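In case you want the letters, here they are:
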Amino acid sequence: MSGNTTPAQNTPPSITVLYFAAASTATGLTSERVPLPFSNASQFPLSALADVLAARHPGTQLGAVLAQSQWAVDEEMVDDPAGVVLKGGEEVAVICPVSGG
């Protein structure tokens, strides 16, 4: 018996978050890997992700940016974030509002 464990067994499921425009400016990142904080039956609602991301970036304007942004999951725009459950492995993009003139 070697006693070795596979790292994937101890690693919580995660997602890749893509930041654009004001979200990228607020975080200083264009993307990051975010572990999912499962609290219930290994499912995490997309509607709760903004709070998790804002907590990962305290002292920034990210929370305010996310409050006005939309989401895309695996390159599909999301109309109802409460209806989307993240399970791990997804690519989630923060789509900031665009102003024009």
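Our structure is the block above this text.
The rules we used
Numbering of residues starts from 1 in each chain and follows the order in which that chain's sequence is written. Owing to the predicted nature of the model, reporting of local features is limited to residues with pLDDT of at least 70; listing and counting of side-chain atom pairs is limited to 80 or more, with chain, interface and lining totals taken over all residues. Based on all heavy atoms of the structure, the side-chain values leave hydrogens and waters out of the count. What counts as a salt bridge is simple: a side-chain nitrogen of Lys or Arg found within 4 Å of a carboxyl oxygen of Asp or Glu. By definition, any uninterrupted DSSP run of H or I lasting at least four residues is a helix, any uninterrupted run of E lasting at least two residues is a strand, and each is numbered from the N terminus. Burial classes: relative accessible area under 20% of the type maximum marks a residue as buried, over 50% as exposed, and values in between as partly exposed (1.4 Å probe, protein chains only). Patch rule: a residue counts if its relative accessible area is over 30% and it has no salt bridge; like charges are joined within 9 Å, and nonpolar side chains (Val, Leu, Ile, Met, Phe, Trp, Tyr) within 5 Å. Per-residue accessibility takes into account occlusion by the displayed protein chains alone, with areas from the Shrake-Rupley method and a 1.4 Å probe. In this charge count, Lys and Arg are treated as positive and Asp and Glu as negative; neither His nor the chain ends contribute. In plain terms, the charge of a residue is placed at NZ if it is Lys, CZ if Arg, CG if Asp and CD if Glu. Buried Ala, Val, Leu, Ile, Met, Phe, Trp, Tyr and Cys residues that are joined via side-chain atoms within 4.5 Å together make up what is termed a nonpolar core. Criterion used throughout: strands pair if DSSP finds at least two bridges between them. Think of each axis as a best-fit line through the C-alpha atoms, taken over the contacting stretch in the case of a helix, with angles from 0 to 180 degrees between the N-to-C directions. Any two residues whose heavy atoms approach within 4.5 Å at even a single point are treated as in contact. It is the directions from the helix axis to the C-beta atoms that the arc portrays.

A. Representation of the pattern of salt bridges within the structure. According to the stated counting rule, one finds one salt bridge in the structure shown. One salt bridge in this structure joins glutamate 32 and arginine 56, with 3.0 Å as the shortest N-O distance. One end of the pair, glutamate 32, is in strand β2 (residues 31-35); the other, arginine 56, is in helix α3 (residues 49-56), and 24 residues separate them in sequence. A relative accessible area of 11% means that glutamate 32 is categorised as buried. By relative accessible area, which is 37% here, arginine 56 ends up partly exposed.

B. Just a negative patch on the surface, in detail. A cluster of acidic residues, Asp74, Glu75, Glu76 and Glu91, forms a negative patch at the surface. Note that glutamate 76 resides in strand β5 (residues 76-78).

C. Fine view of the nonpolar core. Ranked by size, the top nonpolar core spans 22 residues in total, and within it Leu49, Leu53, Trp71 and Leu86 carry the most contacts. Those elements that place two or more of their residues in this core are β1 (14-19), α2 (21-27), α3, α4 (62-67), β4 (70-73) and β7 (91-95).

D. Structural detail: the pairing of β2. Alternating positions in β2 separate cleanly, Glu32 and Val34 being buried on one face and Ser31, Arg33 and Pro35 remaining unburied on the opposite face. Direction of pairing for β1 relative to β2: antiparallel, over a ladder of five bridges. Within β2, the residue paired with leucine 18 across the bridge is serine 31.

E. Focus on the sheet that holds β4. Strand order across the open sheet formed by five strands is β2-β1-β7-β4-β5, with mixed pairing between neighbours. Two strands in the sheet have a free side with no partner beyond their single neighbour: β2 and β5. For this sheet, the mean inter-axis angle between neighbouring strands, taken without regard to orientation, is 30°. Packing against the sheet, α3 makes contact with β1, β2, β4 and β7, and its axis sits at approximately 110° to β2.

F. Representation of α3 within the structure. Among the residues making up α3, those that are buried are Leu49, Val52 and Leu53. Taken around the axis of α3, the buried residues stretch over an arc of 95°, which confines them to a single face. Facing away from the buried side of α3 by over 90 degrees, the exposed positions are Asp51 and Ala55.

G. A look at the pairing of β4. Alignment of β4 against β7, held across four bridges, turns out to be antiparallel. Pairing of alanine 72 across the sheet is with alanine 93, part of β7. Pairing between β4 and β5: three bridges, direction antiparallel. By the bridge assignment, tryptophan 71 is partnered in β5 with valine 78. Connecting β4 to the next strand, β5, in antiparallel fashion are two residues, including aspartate 74 with a positive phi near 50°.

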